[in-house]
Amino acid sequence: MNRKLHIVASANDLARKLRRIDRSSYGAYRTIAGSYDFEDFILHIDRIQGDPFAAPSRLRASVPAGAAKFPPQAYEPAIRATGVATLLAKRFAREAARASSRRGSGKSGLIGIDTPAQQVLERTAMRVDRNGVEARFFAGLPAAGRRILAREAEEMLLDDLPAVIRSVLFYKSNDAARIEAAALTNEDAEYLRTALSEAGLVAFIADGAVLPRRSGVDDRPMGPAAVAFVSPPPLRREIALPNAGAVSGMGIPPGVTLIVGGGFHGKSTVLSALERAVYNHVPGDGRERVAAVAEAVKIRAEDGRSVSGVDISPFIGELPGGSKTRCFSTENASGSTSQAANIIEALEAGTTLLLVDEDTAATNFMIRDRRMQELIAVEKEPITPFVDKVRQLYDEFGVSSIIVAGGSGDYFDVADTVIAMDEYVPHDVTDRAREIARKHGSGRKKEGSGRFGTVTKRAIDKRSIALLSRRRGSRVCARGRDEIRLGDETIDLSALSQIVDESQTRAIAAAIAYGREKYMDGKTALDDLLRRILTDIDRAGLGVLASERAGDLARFRPLELAAAINRLRSLRVTPLKGDG
Ligand code: ADP
Ligand code: MG
């Protein structure tokens, strides 16, 4: 069979094929799979859906560079291309929504693409580079019941879809200023993050940034009521960006930083912005120049999660009932043990900055004050509170913490920097806090040993990760942002606020399966496993994770991949001796 015959087919050939299958049963759509030359682009029909109600068919449009005509400065260096691709995918989504119309049963007539939100992530849906532009999208091929509607399909594939493609994937069909902004803003954002360590910072919030969001479920910036960020002079720093030039803002130094202030004064809003600041944001988001070190991890209590073989002994001594915490497993962690496990797992996966908000922390994990110490003897309390560990984390491991602590002044003793939020405006109150700490001792005794303890590495037992469902065969998929299904298991990711996109969840699911087949040998430490998977993605793109040309995967961090694996309820691990 000569595949070339397919490749040289023209748009007219597609029209002819469609007419031949009019009113046939849906399966006959398979005959239109192939590639069609539309002169200025090629339409690839990669995968045909089984019926009008199934997941829609998968298509690609590739526009050669000579036709797309994007200037090299729009895609080189590659970080600019990610910004431009994000803009094109958003525009494609809008145009596709406009061109979608009901053309029969089920998903007939639907055109769509994996759509970015506020974060700029590398995505398989849209690629811009020196070879041109490639968009991967989906379309519901029209039918009435299971009968093919060829005329509708012809309108859709030969008129409406080409109009969408032509209005988005060519440089001349875009606003040049928006393309430039998308490219340069993303380059600056990436630069800012990598410049942090040289500037002696773990995070930076530029003056003028807009941190509050429209609502808890709407990540777009708050409207005119938003108070723009103003840095406190003692923490004001300037960083020179490659495109925007010098930008001033608040620099957060390494060590232990507290964010304090009255309720509703904007503490959690700052912390949430820092959580998200491991990603770049689209122009107009308000957080374009907010950056945190790439390995920053939000830590929260997550009672009910499962934990497999984690050494939480730095925080939790022997539990009632004699449960060992050097290799701690549970099906149902408490608030404090889950928070301890979340920290140890983040350390194992390579975090350098912990972000903790009192709103989502377990109080008994965070603090134990003088009076409680007196009432409950140390031997009866298995928990060494975070306040006694947070300095050791920095001094021994170089891991910084930023903690929202409106409720406990006991943290003053261990803080390097204290920032007070007052009506959404930050003030440096470090000196005042120190003075108060001197004046009023906390009266509490330091708990725990003089050192943090060990972070034990673990190897994954690959047999504990089943990709086969007893009833459904192979199953590796995402369900929304918050859920991964592997075989018959479900992984709950709802506590992981740094997974920002359903397409990241899909990619993480695929990465678990990929890592399982390729690298899990019962000996490789989890952090090594993460490194190997991410190196493969760096080399070959997200495509390495998928057997087909997936158009719905987005870039994720190794930290979230680890977090997902750690939440698999069937997970079994082997602790590795050694360098702890
Ligand atoms: P806290 O954690 O100090 O109690 P939050 O960060 O939850 O406060 O903020 C309280 C409310 O104020 C939220 O509804 C938030 O959207 C709003 N808010 C936060 N920062 C700003 C700002 N800079 N401008 C306007 N509104 C803000
Ligand atoms: Mg709060």
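Residues numbered from 1 in each chain as written. Chains lettered and ligands numbered in written order. Predicted model: local features only at pLDDT ≥ 70, side-chain atom pairs only at ≥ 80, totals over all residues. Heavy atoms only, no water.

## Re the pattern of salt bridges
Consideration 1: Scanning all chains against the criterion turns up 51 salt bridges.
Consideration 2: The residue Arg 444 makes a salt bridge to Glu 447 at a minimum N-O spacing of 3.6 Å. Grouping residues by exposure puts Arg 444 and Glu 447 together as buried.
Consideration 3: One continuous salt-bridge network, built from bridges that share partners, spans Asp 114, Arg 123, Asp 501, Glu 502, Arg 506 and Asp 552. (Salt bridge = Lys/Arg side-chain N within 4 Å of Asp/Glu carboxyl O. Buried < 20%, exposed > 50% of the residue type's maximum accessible area, 1.4 Å probe, protein only.)

## What about the coordination of the magnesium ion (ligand 2)?
Consideration 1: The coordination sphere of the magnesium ion (ligand 2), as far as protein atoms go, consists of Ser 268 (OG) and Asp 359 (OD), spread over 2.0 to 2.2 Å. With a gap of 91 residues between them, Ser 268 in helix 7 (residues 267–276) and Asp 359 in the loop between strand 21 (353–357) and helix 9 (363–366) connect regions that are remote in the sequence.
Consideration 2: Judged by its relative accessible area of 23%, Ser 268 falls in the partly exposed class. (Donors = N, O, S within 2.8 Å, 3.2 Å for Na, K, Ca; no water. Helix = DSSP H or I, 4+ residues; strand = E, 2+ residues; numbered from the N terminus.)

## With respect to the domain arrangement of the protein
Consideration 1: Each domain of the protein was delimited in the assignment, giving domain 1 (8–174), domain 2 (296–439) and domain 3 (458–575).
Consideration 2: Using C-alpha coordinates to define each centre, domain 1 is positioned 50 Å away from domain 2. (Domains from an automatic or database assignment.)

## Some points on the site of ligand 1
Consideration 1: Around ligand 1, the surrounding shell holds 14 residues, and the nearest of these are Val 227, Phe 264, Lys 267, Ser 268 and Thr 269.
Consideration 2: Within the backbone of Phe 264, one N or O atom sits 2.7 Å away from an oxygen atom of ligand 1.
Consideration 3: Ser 268 is positioned with one of its side-chain polar atoms (N or O) 2.9 Å from an oxygen atom of ligand 1.
Consideration 4: Expressed as a share of its isolated accessible area of 560 Å², the protein-covered part of ligand 1 is 76%.
Consideration 5: Taken together, the residues that form the shell around ligand 1 break down as 7 nonpolar, 6 polar and 1 charged. (Near = heavy atom within 4 Å. Polar contact = N/O pair within 3.5 Å; in protein donor to acceptor, adjacent residues only side chain to side chain. Areas by Shrake-Rupley, 256 points an atom, 1.4 Å probe, with all protein chains shown as cover. Nonpolar A, V, L, I, M, F, W, Y, C, P; charged D, E, K, R; others polar.)

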